[in-house]
Amino acid sequence: VAVLAGLSGAELGVVTVPRDFDVADLKWEIEVSLGIPDQEQRLVLGTRVISNTESLQDVFGRGASRVEVRLIRLDRRWVETLHGVQAGRLQLHELDDKVRHDREVVLAAVRRDPANLRHVPEELRDRDLMLAGVCVMGKSLQHASDDLRADRDVVLAAVRNDGLAVRFAIEELRSDPEVALAAVQQNGWALELLGEELRSDRALVLER
């Protein structure tokens, strides 16, 4: 595997690895050969970042004996911050404004504790981030924008985790039969938070 510098494309070195290795193994070999810590490596094949768990055979195929990857070296302090957030040693609200606007750090914080959504800048609270949060803590739907409170998939994910999160959905979705059923099945008290017509629905009352 030829390792190229991410921006210049200059060859940094060549490492030899079996195709039954995975990307994490490749990073270890690069660390041993080139002295770049594996945690500071981001490997790109074509236009795609390849992840640690992918097998080299799947990534590179069975054809050519020589392949090229580009290596983007991550800032060491950024890596330490990301790992601190992932481990819960650092809290999102403790970080400076620039880091709190870093999408990867923010996503790690929300996956660690969805309550961090309240500290996420509004412009970063997109659909993927909200789904990551509400799947773990349904009530974090309260931190979503109006558009996402109107997103059926986001609301369904929230109420499947916490039926009472239906209170944060727009009125139209509180009257949606599928959303209502998912909410009541998760928590019978959610029936009281539904649209007026559904609160007297016999099937939902029996689910409670």
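Note that the structure is a prediction, hence the values are computed from the model and not measured. Note on numbering: residues in each chain are counted from 1, in written sequence order. Per-residue local features of the predicted model are confined to residues with pLDDT of at least 70, and side-chain atom pairs are confined, for both listing and counting, to 80 or more; whole-chain, interface and lining totals are unaffected and use all residues. Note that water and hydrogens are dropped before the side-chain values are worked out from all heavy atoms of the structure.

A short note on the pairing of strand 1 (residues 2-5)
Inference 1: Because side chains alternate across strand 1, one face comprises the buried residues Ala2 and Leu4, and the other comprises Val3 and Ala5, equally buried.
Inference 2: When DSSP locates at least two bridges between a pair of strands, those strands are taken to pair. For the purposes of this entry, the term helix denotes a DSSP run of H or I that reaches at least four residues, the term strand denotes a run of E that reaches at least two, and both are numbered from the N terminus. Alignment of strand 1 against strand 2 (residues 11-14), held across three bridges, turns out to be antiparallel. What sits directly across from Leu4, in strand 2, is Glu11.
Inference 3: Hairpin geometry of strand 1 and strand 2 is characterised by an intervening segment of five residues between the two adjacent antiparallel strands and by a positive phi of about 80° at Gly9.
Inference 4: Both strand 1 and strand 5 (residues 68-73) contribute to a ladder of four bridges, which runs parallel. Looking across to strand 5, one finds that Leu4 is bridged to Arg70. Partly exposed describes any residue whose relative accessible area lies between the buried limit of under 20% and the exposed limit of over 50%, with all areas from a 1.4 Å probe on protein chains only and scaled to the type maximum.

Focus on the sheet that holds strand 1
Inference 1: Spatially, the five strands line up as an open sheet ordered 2-1-5-3-4, and their pairing is mixed. Each having just a single partner strand, strand 2 and strand 4 (48-49) make up the two edges of the open sheet.
Inference 2: Relative to the sheet, helix 1 (residues 23-34) contacts strand 1, strand 2, strand 3 (41-45) and strand 5, its axis offset from that of strand 3 by approximately 115°. Note on contacts: a residue pair qualifies if any of its non-hydrogen atoms lie within 4.5 Å across the two residues. Axis lines are fitted through C-alpha atoms, for helices just across the contact stretch, and the angle between N-to-C directions can take any value from 0 to 180 degrees.

Digging into the pattern of salt bridges
Inference 1: By definition here, a salt bridge exists when the distance from a side-chain nitrogen of Lys or Arg to a carboxyl oxygen of Asp or Glu is within 4 Å. Using the criterion set out here, one finds 13 salt bridges in the structure.
Inference 2: A salt bridge links Glu11 to Arg66, with the nearest nitrogen and oxygen atoms 2.9 Å apart. One end of the pair, Glu11, is in strand 2; the other, Arg66, is in the loop between helix 2 (56-60) and strand 5, and 55 residues separate them in sequence.
Inference 3: Assessed through its relative accessible area of 46%, Glu11 is described here as partly exposed.
Inference 4: Look at Arg66 and you get partly exposed, because its relative accessible area is 44%.
Inference 5: Notably, a salt bridge pairs Arg100 with Asp97, separated by 3.5 Å at the nearest N-O pair. Of the two residues, Arg100 and Asp97 are both situated in helix 4 (residues 97-100); the distance of three residues between them amounts to about one turn of the helix.
Inference 6: The exposure class of Asp97 is partly exposed, given its relative accessible area of 45%.
Inference 7: Residues joined by salt bridges that share partners form a network here, namely Arg152, Arg160, Asp176 and Glu178.

Observations regarding helix 8 (residues 152-161)
Inference 1: Looking at helix 8, one finds that the buried residues are Val154, Val155, Leu156, Ala157, Ala158 and Val159.
Inference 2: Here the buried face of helix 8 lies against helix 6 (127-134), helix 7 (146-149), helix 9 (171-174) and helix 10 (177-186).
Inference 3: Under the rule applied, a polar contact is a pair of N or O atoms within 3.5 Å (in protein, one hydrogen donor and one hydrogen acceptor; residues adjacent in sequence only if both atoms are side-chain atoms). Put simply, Asp151 is the residue that caps the front of helix 8, since its side-chain oxygen is 3.0 Å from the backbone nitrogen of Asp153.

Digging into the environment of Trp78
Inference 1: Looking at the secondary structure, you find Trp78 in helix 3 (residues 76-87).
Inference 2: Counting along the chain gives 21 residues from Trp78 to Val99, while the straight-line C-alpha distance between them is 8.4 Å.
Inference 3: Excluding anything up to four places from it in sequence, Trp78 contacts Arg42, Asp102, Glu104 and Val105.

Description of a negative patch on the surface
Inference 1: Taken together, the side chains of Glu122, Glu123, Asp146 and Asp147 make up a negatively charged region of the molecular surface.
Inference 2: Mapped onto the secondary structure, Asp146 falls in helix 7.
Inference 3: Residue classification places Asp146 among the exposed residues on the basis of a relative accessible area of 62%. Distance thresholds for patches are 9 Å for like charges and 5 Å for nonpolar side chains (Val, Leu, Ile, Met, Phe, Trp, Tyr), applied to residues having over 30% relative accessible area and no salt bridge. Only the protein chains shown count as covering a residue, and every accessible area follows the Shrake-Rupley method with a 1.4 Å probe. Only four residue types enter the charge count, namely Lys and Arg as positive and Asp and Glu as negative; His and the chain termini do not. Positions of charges follow a simple convention, taking NZ of Lys, CZ of Arg, CG of Asp or CD of Glu.

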